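Fold and geometry: a report
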Amino acid sequence: MLKLQSENKVPKPITIKISVQAMIYTSNVTGIIQKEVKDETLQPGQELFIPIVVPFSVYRQHMVHSDSMKVSVVVTDKQNPDVSFLAMDDIVLEESPCSLTMIFSRVRLWSEARTMFYFKNPINVTLTDCTLSLSGSGLLPDSQHKLPDLQPNSAISATLSFYPYKTGQRTLDG
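Keep in mind that what you see is a predicted model, and the values were worked out from it rather than measured.

It is worth spelling out the sheet that holds strand E7 (residues 98-102) at this point. The pairing of strands in a sheet comes from backbone hydrogen bonds and takes either a parallel or an antiparallel form. Spatially, three strands are ordered E7-E8-E11 in an open sheet, and the strand pairing comes out antiparallel. With one partner strand each, in any of the chains shown, E7 and strand E11 (155-162) form the two edges of the open sheet. Pairwise comparison of adjacent strand axes, ignoring direction, gives a mean angle of 15 degrees for this sheet. As defined by bridge partners, E7 adjoins strand E8 (residues 113-120) across five bridges and the pair is classed as antiparallel.

Set out below in structure tokens:
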């Protein structure tokens with residue numbers, strides 16, 4: 001959340017540029033996750049709150065091989081473009097409380113294989129409308145499974161069966 005306030009006695013029109021970048025440990029940028037520009041007016045003596053939301057569907061692919069996200073915000077005075085302010089913050093994602101574990105160590109072509117899915121809700125909000133998406137070339141057709149609502153700090157686990165239909169090393173993604 002970006003919080004702005006002005007000590008001016010008159011409203012101040014501003015431009016807010018928000019950039020979210022994926023980065024590796026050497027601080028090198030690996031991709032632009034999201035950019036947006038907003039025009040707002042700071043009212044005298046009032047605070048302006050701007051939510052910065054980056055949905056999982058937007059950052060997912062960028063963060064597969066990255067370590068952190070850099071959020072940069074540049075606020076510029078529209079009446080005096082030489083006056084601008086910069087704020088930056090690095091965000092490191094926590095490890096997911098989710099696992100997908102094979103139950104049998106040997107998997108055979110056209111024979112049943114089973115995996116155990118486990119997820120614990122790490123936040124203090126009930127998760128609703130969740131789905132588990134599974135994919136694995138040569139292992140199973142892509143599938144989605146609706147999950148029940150999950151209360152804070154509650155966990156869910158399920159055993160899933162599938163029948164590999166291609167030989168060779170395969171990866172099951174959940």
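Resuming the write-up.
The next point concerns the packing of aromatic side chains. Per the counting criterion, the structure on display carries two aromatic pairs. Aromatic side chains Phe 56 and Tyr 59 sit 5.4 Å apart centroid to centroid with 90 degrees between the ring planes, which places their arrangement in the edge-to-face category. Here Tyr 59 and Phe 56 lie together in helix H1 (residues 56-63), a separation of three residues that amounts to about one turn. By relative accessible area, which is 17% here, Tyr 59 ends up buried.

Parameters and conventions
Residues numbered from 1 in each chain as written. Predicted model: local features only at pLDDT ≥ 70, side-chain atom pairs only at ≥ 80, totals over all residues. Heavy atoms only, no water. Pairing = 2+ DSSP bridges. Helix = DSSP H or I, 4+ residues; strand = E, 2+ residues; numbered from the N terminus. Axes fitted to C-alpha atoms, helices over the stretch in contact; angles between N-to-C directions. Phe/Tyr/Trp six-rings, centres within 6.5 Å; stacked < 30°, edge-to-face > 60°. Buried < 20%, exposed > 50% of the residue type's maximum accessible area, 1.4 Å probe, protein only.

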